[in-house]
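Breakdown of the fold
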Amino acid sequence: MERELRLMKGNEAVAEAAIRAGADGYFGYPITPQSEIIEYLMEADPYRRTGMVVLQAESELAAINMVYGGAGCGKKVMTTSSSPGISLMQEGLSYIAGAELPCLIVNVARGGPGLGTIQPSQSDYFQAVKGGGHGDYHLIVLAPASVQEMADFVELGFDLAFKYRNPVMILSDGAIGQMMEKVWLGPQKERSKTSPEWATTGKTTTRKRNIITSLELDPNRQEIFNLKLVDKYNAIRKNEVRYEEFRCDDADYLLVAYGTSARVCQKSVELAREQGIRAGLLRPVTLFPFPSDPINRLAGKTKLILTVEMSAGQMVEDVRLAVNGKVPVHYYGRIGGIIPTPDEVVENLKKLITEL
Amino acid sequence: MKEVTGIKEIIKPENLAYRKSNILTDEIMHYCPGCGHSTAHRILAELIEEEGLQEDAIGVSPVGCSVFLYNYIDIDWQEAAHGRAPAVATAIKRLLPGKFVFTYQGDGDLAAIGTAETIHSCNRGENILIIFINNGIYGMTGGQMAPTTLPGMKSSTSPFGRDVRSMGNPIKITDLVAALPGTYYVTRQSVHTPANVRKTKKALRKAIQYQKLNRGTCFVEIVSNCPSGWKMTPPRANTWMEENMFQFYPLGDLKTPAEASDQQSKTEKND
């Protein structure tokens, strides 16, 4: 299958990109607003196309533990869900991080807490970037802002997962999952025929048995392991920061936003500039690792920073840590499943400027 | 230690009554004296060796007393979260269909926190073997009530005995999975006497052979003891088990392949 231009929902793009990336397995449980992913996969019959296994699990709990099992075999496996389902998966994610297994999780987030709403939200930021489950660990978190990135980040996510033996999350939301855009899909890749040397594929006479576990009773050895994880996360912080700048060169005022909010803010920057306000936008593409240094650098050239997010103010904490008091950092957002308009953002920015 | 007089003369092939399986590692098992786990491990290791499955076996160990099972049997292992072993095994088997994939789980793991995973993997007829050790108590955490604790039986969380009106009845999960069309062979055994050890080994061998047929889940329950948790000497625990556990959990096959085939053909007709 060749490179191809299609008009697709973000959810469908994830599904098709997974097949084309040569994924070995998908395990999931339906939940709005991302059920199109498993529906698309069942319809596309990837087992016939590439041998990729698709299974509807009895719960998100089972799904993430199936991912654990498949990842433990060194296979390219993934699951997708939305906020309440991702909460259910946190135990499994902690085990996956503790056993250092590569896999891909997609969160097409909706508003919470609890059953919440089925409308788009960015209120799972803390859960995604600060660990989420128990213990000291991090996911690598990618934040797509388009259907194209929903597709592209599948392959990128698998690559990073295997590079670092670490779970990767695509933190999307209901808007990007549901909206249709044109998307370039890559050519079909072959599924890998080999497994990494640590994988459980059956002990051969030429190697010792492989054990996938996160258990260590001796605190001294557990500490050594935890320090190894710290080294890994530091390497990820050093090597994998991704972000995008939009009209930041001459910006007096900096907006920081990711995903759907970044799409809104791009328009806000244009509207503000039409009114003579030199605004710019920094869009984190990776939320862990967070683009702290670029934000700090830009902070030195701007008068104030406004973080825009569809949460009650989560990423703003990381922006404040990055800026470290250089300039005032403010928050504006809509919550509960509501997307802010570009005008709202500009109005807020103008109000903050007058208060300077 | 002083060498026992003449021991070298006794160690001869013709005197060999019992040989440690090559698949069992030299790691010292952490189990309490009299516990059935070590016997069940030994049979399993022997069968993997005798059936030539070391290169094909992938085991999934549980959370519970047998959490360190991966230290004792020399094959590839995955350690699952509490109750999730059948989900983990499902993916391993689906992605590596040629391998022999099994779980080894206790009663708390399989019949309390992991009930959904147990029922649904059996219901999908995953081509895996589930080994279920039922001793009616949470051993590792210090003797709390299990889903399979008998009515009136004392534990640290049922200190006056299990009151079924407020704590529920023990769950016969093996009977439940036997009722599902997805299971192919379901049996209940024990390892407390040499005769029972031989019977269990025979049943496990059948289960290992049946799972190669890809006809559904094989499920072997081993009713076992817990001298420490039950606060009994090992001989007393075995007697108590015979007198009480076997009344509630009678030994024998719950579903034979013939019955499974019959059930499966009826289900297919209803499609």
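Criteria and thresholds
- Residues numbered from 1 in each chain as written.
- Chains lettered and ligands numbered in written order.
- Predicted model: local features only at pLDDT ≥ 70, side-chain atom pairs only at ≥ 80, totals over all residues.
- Helix = DSSP H or I, 4+ residues; strand = E, 2+ residues; numbered from the N terminus.
- Rg over C-alpha atoms; globule rule 2.2 N^0.38 Å.
- Buried ≥ 20, exposed ≤ 12 C-beta atoms within 10 Å, placed from the backbone.
- Contact = placed C-beta atoms within 7 Å.
- Axes fitted to C-alpha atoms, helices over the stretch in contact; angles between N-to-C directions.
- Parallel < 35°, antiparallel > 145°, perpendicular 65-115°, else oblique.
- Left-handed = near helix turned anticlockwise from the far one by under 90°.
- Pairing = 2+ DSSP bridges.
- Nonpolar A, V, L, I, M, F, W, Y, C, P; charged D, E, K, R; others polar.
- Domains from an automatic or database assignment.
- Arc of directions from axis to C-beta.
- Expected span 1.5 Å × (residues − 1).

Here we look at the overall build of chain B
A tally of helices and strands in chain B yields 11 helices and nine strands. Its C-alpha radius of gyration of 19 Å places chain B within 12% of the 18 Å reference for a compact globule of 271 residues. With the C-alpha coordinates of chain B rotated into their principal frame, the extents come out at 70 × 50 × 30 Å. For chain B, with 271 residues in total, the buried portion stands at 51%. Counting only contacts in chain B whose residues sit at least 6 apart along the sequence, the fraction spanning at least 24 positions is 68%.

Digging into the packing of helix α4 (residues 60-72) of chain A against helix α6 (residues 90-98) of chain A
Residue and element names in this part refer to chain A. Viewed as axis vectors pointing N to C, α4 and α6 meet at an angle of 15 degrees, and their least axial separation amounts to 8 Å. The pairing of α4 with α6 is recorded here as roughly parallel in orientation. By crossing handedness, the relation of α4 to α6 is classed as right-handed. On α6, the residues touching L61, I64, N65, Y68 and A71 of α4 are G92, L93, Y95 and I96.

Re the sheet that holds strand β15 (residues 329-332) of chain A
Residue and element names in this part refer to chain A. Overall, mixed pairing links the five strands, which are arranged β10-β12-β11-β14-β15 in an open sheet. Strands with a single pairing partner mark the edges of an open sheet, and in this sheet they are β10 (243-246) and β15. Between one strand and the next, the sheet's axes are offset by a mean angle of 20 degrees, whatever the strand orientation. The sheet contact formed by strand β14 (residues 304-308) and β15 spans four bridges and is parallel. Counted as the bridge partner of V308 is Y332 from β15. Along the sheet, helix α11 (residues 259-274) contacts β10, β11 (253-256), β12 (279-284) and β14; its crossing angle with β12, the most-contacted strand, is approximately 165 degrees.

Points about the interface of chain A and chain B
The parts lose accessible area when they come together, and the size of an interface is often stated as this lost area. The interface is formed by 32 residues belonging to chain A together with 29 residues belonging to chain B. Those elements that place two or more of their residues in the side of chain A that touches chain B are β2 (25-28), β3 (53-56), α4, α6 and β9 (211-212) of chain A. Broken down by element, the side of chain A that touches chain B gets its largest block of residues, seven residues, from α4 of chain A. Here the residues of the side of chain A that touches chain B sort into 13 nonpolar, 13 polar and six charged. Pairing between β9 of chain A and strand β2 (residues 76-79) of chain B: two bridges, direction parallel. Paired with I212 of chain A across the strands is Q78 of chain B, a residue of β2 of chain B.

Observations regarding the domain arrangement of chain A
All names here are of chain A. Here chain A is described as being made up of domain 1 (4-190 + 227-239) and domain 2 (244-355). Centre-to-centre, using C-alpha coordinates, domain 1 lies 27 Å away from domain 2. Tallying the contact residues gives 27 residues for domain 1 and 22 residues for domain 2. The set of elements that each furnish at least two residues to the side of domain 1 that touches domain 2 consists of α7 (125-129), β6 (140-142), β7 (167-173), α9 (174-178) and α10 (219-239). Here the side of domain 1 that touches domain 2 takes four residues from α7, the largest share from any one element. Here the side of domain 1 that touches domain 2 is composed, by residue class, of 16 nonpolar, eight polar and three charged.

A look at the packing of helix α1 (residues 10-20) of chain A against helix α2 (residues 36-44) of chain A
Any two packed helices are characterised by the angle at which their axes cross and by the distance between the axes. All names here are of chain A. It is at 8 Å that the axes of α1 and α2 come closest, and there the two elements cross at 45 degrees. As the angle between them shows, α1 and α2 are arranged oblique. When the axes of α1 and α2 are compared, the crossing they make is right-handed. For the pair α1 and α2, the contacting residues are N11, E12, V14, A15, E16 and I19 in the first and E36, I37, Y40, L41 and A44 in the second. Its residues placed into classes, the contact of α1 with α2 shows seven nonpolar, one polar and three charged.

Re the environment of L150 of chain B
Residues and elements named next belong to chain B. Summarising the element assignment, L150 is placed in the loop between β6 (144-145) and α6 (164-167). On the neighbour-count criterion, L150 (20 C-beta atoms within 10 Å) is buried. Between the C-alpha atom of L150 and that of R165, which follows or precedes it by 15 residues, the distance is 13 Å. In this structure L150 touches G136, R162, P170, N244, M245 and F248, once residues within four positions along its chain are discounted.

Some words on helix α5 (residues 115-123) of chain B
Every buried residue belonging to α5 of chain B is among E117, T118, S121 and C122 of chain B, and all of these are buried. For α5 of chain B, the buried positions fall inside an angular range of 120 degrees around the axis, keeping them on one side. If you follow the buried residues of α5 of chain B, they end up packed against α4 of chain A together with α3 (85-95), α4 (107-113), α7 (173-178), β7 (183-190) and β8 (217-223) of chain B. Once α5 of chain B finishes, G125 of chain B follows within two positions and takes phi at roughly 65 degrees, a positive value.

Some thoughts on α11 of chain A
Compared with the 22 Å implied by 1.5 Å per residue over 16 residues, the 24 Å span of α11 of chain A between its first and last C-alpha is a close match. G276 of chain A, located one to two residues past α11 of chain A, shows a positive phi value of around 85 degrees.

Focus: unusual backbone geometry
Residues and elements named next belong to chain A. Here the amide bond leading from T32 into P33 is cis, since omega sits at 5 degrees, within 30 degrees of zero. Relative to the helices and strands, P33 resides in the loop between β2 and α2. In this model, F288 is joined to P289 through a cis peptide bond whose omega is 0 degrees. Looking at the element boundaries, P289 is found in the loop between β13 (286-288) and α12 (292-299). The backbone of R165 shows a phi angle near 50 degrees, a positive value even though the residue is not glycine. By secondary structure assignment, the location of R165 is in the loop between α8 (147-164) and β7. The backbone of R247 sits at a positive phi, close to 55 degrees, despite the residue not being glycine. With respect to the helices and strands, R247 occurs in the loop between β10 and β11. With 16 C-beta atoms packed within 10 Å, R247 lands in the partly exposed category.

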